[in-house]
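Below are the chains, spelled out letter by letter.
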Amino acid sequence: MDYILLTELAINGVFVGLMYALVAVGIVLIYKTSGLANLAQGALAMMGGYATWAVASYFGMPVWGAIPIAIVLMFLVGALIERLALRRMIGQPVIMVIMLTLGLEIMLRGLLPGIFGSAVKRLDLGIPNAPIFLGDFLINRSILIGGTISLAMICVALVFFNSKLGVMMRAVSDDQTASWSVGIRVERAIAIAWGLSSVMATVAGVLWGATQGIDWSLSLLLIKALAIAILGGLDSIPGVLIAGVIVGVAESLASGILDPLVGGGTRDIVASVIILLTLLVKPHGLFGREHIERV
Amino acid sequence: MLYRRAGIRHTRYQDERQLWPLPFDKGLVVAIAVLLVIAPFVVGPLYLSSYLLPWIIWSTAALGLNFLMGTAGQIHLGYGAVMAIGAYTAVHLVLAGVPFEIAMIAGGLMSAVIGIIFGAAALRVKGLYLAMATLAMQYIVDFVISHFPAISGGSLASIAVPPVSFLGVPVVGDIRTYFVALIICAIVTLFMLNVQRTSFGRALAAVREKDYAAEVIGVSTFKYKLLAFWTSSFIGGVVGAVLAVCYLRSISPDQFHIELSIQLVAMVIVGGLGSVLGSFFGAGLILFAPIILNNLIGAMASTFGLAISTDLRAHVPLVLYGALIIGFLLWEPLGLAKIYNNFRNYLLVWPFRHAQR
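Just so you know, these numbers come straight off a predicted model, no measurement behind them.

### Topic: the packing of helix α1 (residues 3–34) of chain A against helix α9 (residues 221–232) of chain A
All names here are of chain A.
And step 1. Running from N to C, α1 and α9 point in directions that differ by 75°, and their axes come no closer than 8 Å. The pairing of α1 with α9 is recorded here as roughly perpendicular in orientation. Side by side, α1 and α9 meet where G17, Y20, A21, V23, A24, I27 and V28 of the first sit next to L221, L222, K224, A225, L226, I228 and A229 of the second.
And step 2. Its residues assigned to classes, the contact of α1 with α9 comprises 12 nonpolar, one polar and one charged.

### What to know about the pattern of salt bridges
Pairing of side chains with opposite charge becomes possible as their charged atoms draw close.
Residue and element names in this part refer to chain B.
And step 1. Throughout the structure, instances matching the rule amount to six salt bridges over all chains.
And step 2. Among the ionic pairs, R344 bridges to D25, the shortest N-O distance being 2.5 Å. Placement of the pair is R344 in helix α17 (residues 335–349) and D25 in helix α2 (residues 23–42), with a sequence separation of 319 residues.
And step 3. One salt bridge connects E209 with R208, and the closest N-O pair in it is separated by 3.2 Å.
And step 4. Given a relative accessible area of 58%, E209 falls into the exposed group.

### With respect to the confidence of the model for chain B
Residues and elements named next belong to chain B.
And step 1. In this model, chain B carries a mean pLDDT of 85, and residues with pLDDT of at least 70 account for 96%.
And step 2. Least confident of the elements in chain B is helix α6 (residues 121–124), whose mean pLDDT is 68; most confident is helix α4 (residues 79–95), at 91.
And step 3. Listed scores for the predicted complex are pTM 0.87 and ipTM 0.84.

### Here we look at helix α10 (residues 199–209) of chain B
And step 1. Looking at α10 of chain B, one finds that the buried residues are F200, G201, A203, L204, A206 and V207 of chain B.
And step 2. Of the surrounding elements, those touching the buried residues of α10 of chain B are α3 (45–71), α9 (173–195), α11 (211–216) and α12 (221–248) of chain B.

### Digging into the side chain of Q263 of chain B
Residue and element names in this part refer to chain B.
And step 1. Structurally, the position occupied by Q263 is in helix α13 (residues 258–271).
And step 2. Among the polar contacts made by the side chain of Q263, one reaches the side chain of W58 at a distance of 3.4 Å.
And step 3. Setting aside chain neighbours within four positions, we find Q263 in contact with W58, I286 and Y321.

### Quick notes on a nonpolar patch on the surface
Residues and elements named next belong to chain B.
And step 1. A cluster of nonpolar residues, V30, V34, L35, V37, I38, F41, V42, V43, L46, Y47 and I175, forms a patch on the protein surface that exposes about 1,000 Å² of accessible area.
And step 2. Put simply, the parts of the chain that give the nonpolar patch at least two residues each are α2 and α3.
And step 3. In terms of residues, the nonpolar patch owes the most to one element, α2, which gives seven residues.
And step 4. Among the structural elements, V37 can be located in helix α2.
And step 5. Residue classification places V37 among the partly exposed residues on the basis of a relative accessible area of 41%.

### Considering the side chain of S197 of chain A
All names here are of chain A.
And step 1. Relative to the assigned elements, S197 resides in helix α8 (residues 186–212).
And step 2. S197 sits in the buried class, given a relative accessible area of 0%.
And step 3. Once residues within four sequence positions are removed from consideration, S197 is found in contact with G26, L29, I30 and Q41.

### Some points on the interface of chain A and chain B
The figure often quoted for interface size is the accessible area lost as the parts come together.
And step 1. Tallying the contact residues gives 49 residues for chain A and 44 residues for chain B.
And step 2. On the surface where chain A and chain B come into contact, there are zero salt bridges.
And step 3. Across the contact surface, chain A and chain B share zero residue pairs in polar contact (both at pLDDT 80 or more).
And step 4. A total of 16 residues in the side of chain A that touches chain B trace back to one element, the largest contributor, which is helix α4 (residues 94–116) of chain A.

### Brief notes about the environment of A6 of chain B
And step 1. Its location among the elements puts A6 of chain B in the segment before α1 (13–16).
And step 2. Separated by 278 residues in sequence, A6 of chain B and G284 of chain B have C-alpha atoms that sit 33 Å apart.

### What to know about the packing of aromatic side chains
All names here are of chain A.
And step 1. Tallied over the entire structure, the rule returns 18 aromatic pairs over all chains.
And step 2. With 5.9 Å between their ring centres and 80° between their planes, W53 and F116 make a pair best called edge-to-face. On the criterion of sequence distance, the pair formed by W53 in helix α2 (residues 41–58) and F116 in helix α4 is long-range, its members being 63 residues apart.
And step 3. Residue classification places F116 among the partly exposed residues on the basis of a relative accessible area of 22%.

### Regarding the environment of F234 of chain B
Residues and elements named next belong to chain B.
And step 1. With respect to the helices and strands, the residue F234 is situated in helix α12.
And step 2. It is 4.2 Å that separates the C-alpha atoms of F234 and G108, two residues lying 126 residues apart in sequence.
And step 3. If we ignore the near neighbours within four places in the chain, the residues touching F234 are I105, G108, L109 and A112.

### Observations concerning the state of the cysteines
And step 1. In the structure shown here, the tally under the stated rule is zero disulfides over all chains.
And step 2. The thiol of C185 of chain B is not disulfide-bonded; the next cysteine sulfur, from C246 of chain B, is found 12 Å away.

What counts, and at which threshold
Residues numbered from 1 in each chain as written. Chains lettered and ligands numbered in written order. Predicted model: local features only at pLDDT ≥ 70, side-chain atom pairs only at ≥ 80, totals over all residues. Heavy atoms only, no water. Axes fitted to C-alpha atoms, helices over the stretch in contact; angles between N-to-C directions. Helix = DSSP H or I, 4+ residues; strand = E, 2+ residues; numbered from the N terminus. Parallel < 35°, antiparallel > 145°, perpendicular 65-115°, else oblique. Contact = heavy atoms within 4.5 Å. Nonpolar A, V, L, I, M, F, W, Y, C, P; charged D, E, K, R; others polar. Salt bridge = Lys/Arg side-chain N within 4 Å of Asp/Glu carboxyl O. Buried < 20%, exposed > 50% of the residue type's maximum accessible area, 1.4 Å probe, protein only. pLDDT = per-residue confidence, 0-100. Polar contact = N/O pair within 3.5 Å; in protein donor to acceptor, adjacent residues only side chain to side chain. Patch = residues over 30% accessible without salt bridge, like charges linked within 9 Å, V, L, I, M, F, W, Y side chains within 5 Å. Areas by Shrake-Rupley, 256 points an atom, 1.4 Å probe, with all protein chains shown as cover. Phe/Tyr/Trp six-rings, centres within 6.5 Å; stacked < 30°, edge-to-face > 60°. Disulfide = S-S within 2.5 Å.

Rendered as structure tokens:
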């Protein structure tokens, strides 16, 4: 195995990983405020992609103009999901709420391709196809740009958590009852978290839609995002950043090295193996808070 | 009215602990059993092999998953993978010349052994993390099955199931396969009905409600969580074998994808967590609602001249599963079994609506 190919795979992996991490940030945002993992995050990314495509094609707008509209729409969708479904589930066991998000995932995965047609939709961001040469290394341009945008978005999320609203949301994540009693509107904080994570998902959906086209398979981003969120610790944004790079590189290297040996498909399995190993070795991830329960 | 309780006086503890104390319930159970037994001689072969048989098999699978999710309170999103392990093990053993009864048990054991490895994650984590661990299991098992030609014969290949015999009777034709599935279903149903009355079932209930509280009162959480995974995976493996031999008749990796797991989870939730009756209701609704809805859409499209795209019709099942899961969780978290129970409770005290039941 030559060194240049490996480095190239690793560099591409870093950027792909950052694009995965953008989906994972949404999961972390929701986990931090309401303590449940959103299994519909991949479907939200898919929905964001479809929304952008629909706005662009039905209103004849350029893609770059459609993105802000789609982002606003998806913020409302996220807040609406919280208002209509999640709020009614307050007080139910966590398993039930996870099941609800799973139901949402299944429904969206059927509904959107059903309405817009299951053919792959092209979303052209105007990024040229020619790869970039960095010394000897060949880098896919759309992945490079996507990874950079993702990095920027994740940094924005980091900064956001230090703003006033972010502090409020951190308080909610710490103790919902206590923050409610000091005058924080818990439901609103959770609704904002859902809206923001939908926004993150939309950006991720657009970036991935530009690289692989928009169809139901965008919802498979969920499993990679879960791997990243779990490896990084479900309540840590820096963890997501680092775990995203790890998962991206691991996946890229595994598919580069193992695919010729087993005949393809390793890319999809790496995330699952990482989830399982993390849970068996260090269940709370690299940077997650440990909740200690002793008997 | 129907469910009349008047005049029932228990004088022995055994009487009080029976499964169906009300005469009407007893009659109903007997009637349903008789109907199921005479069904193959009454309904046409098309209905038998494409409605009744899958309903029986999927109900058995839902019972196995319901044991884990409802009785033990552990979430499992990879039950399709468990069934795949059982199906492939059993089919390979049958191909190697092992009798079907033993191959079926071996398939169950294999599922239980592999399931317990993934279930071991349950010992350190719970709820949310367990959902992820089992989701990962689904993908890993899928990958292993489709990428090792020794197991699946290649990702696009399918293995034909050779003719087998069950307890000395060759399993051929619609009626005999139906009875094999019915026997397995009856055994699993009896197990599920009775397990909640044993110390094992009560320990699982304690673990389900609060695991460290269970530990405090002396129930070994470690042991019972593993046992729950073991039992449930065993049932899943056996059902997988039955599914392969009685219904599919040739197995390929794509029959056990995540869609199957999602279907099963939907059946359990729609039917009612922890309810035996609910598993049958849930399996029926999830299996037949898409068919009925699709026919309905087709009929509407032809009567009213609506242009409904084939894409939309192809995605009706997914939308329906999702909508049913969401709807039941929001409005009736205990599922169809609870709806039946409400109806039964209403009739128990009818015409006195506000009486204690």
